[in-house]
Amino acid sequence: MPTPQPPTLRQPRLVQGVRFAKSQKRFFEKAAHLGDTFQVNFQRRRWNVLTHPDAVKDVFTASPQVLHAGKGNEILATALGEHSVLILDEDEHMRHRKLLLPSFHGERLAAQAATIQRIAEREVERIPRDSTFSMRDHTQKIALEVILEIVLGTESTGEEHDVLADHATSTLEWIGKPFRLLPPGLLGPRHPLVRRMYKPVLDPLDESLYRLIAGRRKEPDLEEREDMLSMLLTARDEQGNSMTDVEVRDEIVTLVVAGHETTATALAWAFERLAHTEGSTEALHRAVTDGDDPYLTAVSQETLRLRPVLDVVVRQVNRPVEIAGYSFEKGEMIVPCIHLLHRREDIYPDPLEFRPSRWKDVKPGTYTWIPFGGGVRRCIGASFAMAEMEIVMKAVAQAGVLEPVGGDEKVVQKFITSSPARGGQLRFA
Ligand code: HEM
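Computed from a prediction, not measured in an experiment: that's the story for all the values here. (Residues numbered from 1 in each chain as written. Predicted model: local features only at pLDDT ≥ 70, side-chain atom pairs only at ≥ 80, totals over all residues. Heavy atoms only, no water.)

*Asks:* How do you make sense of the site of the ligand when you look at a structure like this?
*Replies:* Contacts to the ligand come from 26 residues, most closely from His-93, Arg-97, Arg-315, Arg-377 and Cys-379. Side-chain polar atom of His-93 to an oxygen atom of the ligand: 2.7 Å apart, as the coordinates give it. Contacts to the ligand include Arg-377, whose side-chain N or O atom sits 3.0 Å from an oxygen atom. Looking at the shell around the ligand, the elements that each hand over two or more residues are helix H6 (90–100), helix H13 (245–275) and helix H17 (382–399). Among the elements that take part in the shell around the ligand, H13 stands out by supplying six residues, more than any other. Here the residues of the shell around the ligand are counted per class, giving 16 nonpolar, seven polar and three charged. (Near = heavy atom within 4 Å. Polar contact = N/O pair within 3.5 Å; in protein donor to acceptor, adjacent residues only side chain to side chain. Helix = DSSP H or I, 4+ residues; strand = E, 2+ residues; numbered from the N terminus. Nonpolar A, V, L, I, M, F, W, Y, C, P; charged D, E, K, R; others polar.)

Here it is in structure tokens:
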């Protein structure tokens with residue numbers, strides 16, 4: 001007997017593609033009436049969307065041989081490259097992940113926190129005290145500077161740093177424009193037309209990165225340096241092999257792309273939601289004055305629940321598997337939907353309310369709070385991002401109490417992230 005397919009969203013492919021590109025959150029909300037598992041169809045392969053924690057658990061505990069995340073993230077391959085940890089699967093993925101992990105060790109985080117604080121405090125000084133501003137402009141600058149200093153190990157005063165920062169910014173701006181992911185989504189990331197489209201923006205970035213890598217390899221203190229680039233250049237896998245220049249380039253671009261836009265957006269949402277929720281910015285200010293760090297953690301957790309920066313994680317079936325009562329064959333796409341899972345009334349009462357207090361003495365569930373994905377593919381920078389969010393919130397709260405300007409902000413799609421439409425318009429009270 002053929003296994004029934006999950007219910008399918010009945011809309012032309014192009015209409016679904018355009019709606020998805022405009023706002024993933026609204027697109028999924030509109031399809032949610034189909035049930036806990038449903039299909040949407042706008043990519044080259046249809047997506048089986050999962051919104052129940054049991055199904056999410058099946059996905060995150062499945063063997064890396066059964067579900068491939070790299071194949072699921074393929075749409076990013078044009079920009080990130082074929083050797084990115086996000087694009088790889090199975091043994092090669094694990095090799096790269098292990099080479100990256102030491103850079104994210106807890107011990108490293110203490111030193112990185114000092115850098116984040118310095119950069120955050122410097123940028124907060126630049127926020128106007130007597131006029132409206134877009135919080136995202138500032139969190140973007142902080143997150144980019146943080147990632148460049150910590151990943152590349154270049155100083156913000158140096159020329160090399162400024163050239164790289166310019167290339168990175170223009171590349172990120174270019175790929176962040178709406179609909180840039182539509183061509184790789186429809187034609188595939190390796191299609192010659194897609195490559196030609198990305199080339200003019202990637203070439204200058206790659207040139208400056210390869211120059212940086214070559215120069216860094218010659219640095220006499222390479223072994224002692226603690227930036228992520230130097231750590232990657234000196235890291236050895238279990239066979240004693242190091243990474244090639246191309247592998248290092250792809251991981252560096254991955255870290256900059258994955259680690260910057262995401263954190264900047266999460267922070268913009270944190271302040272937007274705080275400012276639009278009665279009494280919350282005052283509570284943040286009080287928590288910072290009283291040294292109540294758990295409150296800051298709760299704000300980050302609640303922000304990432306209600307406004308997850310990424311709305312889905314994607315896996316491709318490599319070996320037949322059963323999930324949520326359906327059988328899936330090789331090649332099918334399995335998509336846990338972070339956005340809909342985080343809005344389940346049975347897990348989060350009054351799910352649309354921004355309520356940091358729901359996290360008081362509550363640990364987020366592995367399969368019910370998944371802004372960083374899960375399993376062997378869980379975001380490698382999750383602790384780093386949470387620490388950065390808390391440090392930046394502290395720096396801003398120390399400068400004063402924020403007020404909202406205008407109403408609740410809509411969600412717009414920026415590259416793969418869901419951002420506040422006006423960037424979080426705020427002013428100091
Ligand atoms: C609030 C900020 C962030 C959010 C919401 C976020 C979210 C995610 C998500 C959803 C995934 C996919 C997980 C999966 O497929 O199960 C991911 C993967 C990843 N993230 Fe993050 N991320 C953030 C910050 C960062 C930072 C700061 C870095 C690095 C500096 C980073 C580096 C990565 C990498 C390298 C992967 C690929 C992991 C793998 O495939 O093994 N992310 N992130």
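So, next bit.
*Asks:* Just checking my understanding: could you explain the packing of aromatic side chains for this structure?
*Replies:* How two aromatic rings sit relative to each other is set out by the distance from centre to centre and by the angle between their planes. Taken as a whole and assessed by the stated rule, the structure comprises 14 aromatic pairs. Seen in terms of ring centroids, Phe-27 and Phe-42 are 5.6 Å apart; in terms of plane orientation they differ by 90°. Their pairing is edge-to-face. Taken together, the residues Phe-27 in helix H2 (residues 24–31) and Phe-42 in the loop between strand S1 (37–40) and strand S2 (47–50) connect sequence positions 15 residues apart. Both residues of the pair, Phe-27 and Phe-42, belong to the buried class. Among the aromatic side chains, those forming a connected cluster through ring pairs are Phe-20, Phe-27, Phe-28, Phe-42 and Trp-47. Sitting over the face of the ring of Tyr-348, Arg-305 holds its NZ or CZ atom 5.0 Å from the ring centroid. One cation-aromatic arrangement involves Arg-307 over Trp-269; the distance from NZ or CZ to the ring centre is 4.8 Å. (Phe/Tyr/Trp six-rings, centres within 6.5 Å; stacked < 30°, edge-to-face > 60°. Buried < 20%, exposed > 50% of the residue type's maximum accessible area, 1.4 Å probe, protein only. Lys NZ or Arg CZ within 6 Å of the ring centre and 35° of its normal.)

*Asks:* Where do I start with the coordination of the iron atom of the ligand in this structure?
*Replies:* In an ideal octahedron of six donors the angles at the metal are 90 or 180 degrees, and in an ideal tetrahedron of four donors they are 109.5 degrees. Here the protein supplies the iron atom of the ligand with just one donor, Cys-379 (SG), and that contact is 2.3 Å long. Along the chain, the position of Cys-379 falls in the loop between helix H16 (338–341) and H17. (Donors = N, O, S within 2.8 Å, 3.2 Å for Na, K, Ca; no water.)

*Asks:* Where do I start with the pairing of S2 in this structure?
*Replies:* As a general feature of sheets, a regular strand has side chains that alternate between the two faces. A two-sided burial pattern is seen for S2, the buried positions comprising Trp-47 and Val-49 on one face and Asn-48 and Leu-50 on the other. Of the pairings in the sheet, the one linking S1 to S2 comprises four bridges and is antiparallel in character. Counted as the bridge partner of Gln-39 is Asn-48 from S2. Here S1 folds back onto S2, and the loop between the two strands holds six residues. Judged from the four bridges that link them, S2 and strand S8 (residues 333–336) form a sheet pairing that is parallel. Among the inter-strand pairings, Trp-47 is bridged to a residue of S8, identified as Met-333. (Pairing = 2+ DSSP bridges.)

*Asks:* Can you help me understand the side chain of Arg-305 in this one?
*Replies:* Here Arg-305 shows up in helix H15 (residues 293–306). Classification of Arg-305 as buried rests on a relative accessible area of 0%. A distance of 3.0 Å separates the side chain of Arg-305 from the backbone oxygen of Glu-353, its partner in a polar contact. Every residue in contact with Arg-305, bar those within four places of it in the chain, is listed here: His-342, Tyr-348, Pro-351, Glu-353, Arg-358, Trp-359 and Trp-369. (Contact = heavy atoms within 4.5 Å.)

*Asks:* Just checking my understanding: could you explain the sheet that holds strand S4 (residues 133–134) for this structure?
*Replies:* Each strand in a sheet pairs with its neighbour through backbone hydrogen bonds, running either in the same direction (parallel) or in the opposite one (antiparallel). Pairing is antiparallel across the open sheet formed by three strands, whose spatial order is S4-S12-S9. Strand pairing shows two members of the sheet lacking a second neighbour, S4 and strand S9 (402–404), which therefore form its edges. Pairing of S9 with strand S12 (residues 425–428), which is carried by three bridges, proceeds in the antiparallel orientation. Considered in S12, the bridge of Glu-403 is made with Arg-427.

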